[in-house]
Amino acid sequence: AGSSNDWTFDKMEYDESTGKCVIEVEVVAGDNFKITATAAWTTEWTNANLDESCANADFLDDPVEEFGKYKTCFAEAGKYKISMDVTAEKYTIEKL
């Protein structure tokens, strides 16, 4: 999570109990992010991969277009858990 000018690839940890890759991040309001299944932009997931269960969450802003793809944006500062289901190509966001 951060601005698109200084993004880095932060590795997610695999959680055997859920079968998902997870990461916890601390963000400020206005931060945004994209997800990749590998450390390369060629496999980039967009806001379209956001699971419907959290698509209307109050802590998220409307997605922002960048280079023809939509990145997910945080409306509220705080700590968040992002879980990625590689098989379903979906991710969820939970405010901690």
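Residues numbered from 1 in each chain as written. Predicted model: local features only at pLDDT ≥ 70, side-chain atom pairs only at ≥ 80, totals over all residues. Heavy atoms only, no water.

### Examining the sheet that holds strand β8 (residues 78–85)
Our working rule: We call two strands paired when DSSP finds no fewer than two bridges between them. Strands here mean DSSP runs of E at least two residues long; helices mean DSSP runs of H or I at least four residues long; both are numbered from the N terminus. Note on method: axes are straight lines fitted to C-alpha atoms, helices fitted across the in-contact stretch only, with angles between N-to-C directions ranging 0 to 180 degrees.
In spatial order, the strands read β1-β2-β8-β9; together these four strands make up an open sheet with antiparallel pairing. Both edges of this open sheet fall to β1 (13–15) and β9 (90–95), since each of them pairs with a single strand only. With strand direction ignored, the average angle separating the axes of adjacent strands in the sheet is 30 degrees. Sheet analysis places β1 next to strand β2 (residues 20–27), joined by three bridges and oriented antiparallel. Of the residues in β2, the one forming a bridge with D15 is K20.

### A word on the nonpolar core
Put simply, the rule is: The nonpolar core is taken to be a set of buried Ala, Val, Leu, Ile, Met, Phe, Trp, Tyr and Cys residues, with the residues joined through side-chain atoms within 4.5 Å. Burial status follows relative accessibility: with a 1.4 Å probe on protein chains alone, a residue under 20% of its type maximum counts as buried, one over 50% as exposed, and anything between as partly exposed.
One finds I82, Y91 and I93 to be the most contacted residues of the largest nonpolar core, which totals 19 residues. The biggest single contributor to this core is β2, with four residues.

### Some remarks on the packing of aromatic side chains
Let me state the cut-off plainly: A pair of aromatic rings is counted whenever rings of Phe, Tyr or Trp (Trp by its six-membered ring) have centres within 6.5 Å, and the orientation is called stacked for planes under 30 degrees apart, edge-to-face for over 60 and tilted otherwise.
One pass over the full model with this rule turns up four aromatic pairs. Geometrically, the ring pair formed by F59 and Y80 is tilted, given 5.1 Å between the ring centres and 55 degrees between the ring planes. Pair noted here: F59 is in the loop between β5 (44–45) and β6 (60–66) and Y80 is in strand β8, with a separation of 21 residues, a long-range link. A relative accessible area of 0% means that Y80 is categorised as buried.

What is shown is where atoms sit, not what they do.
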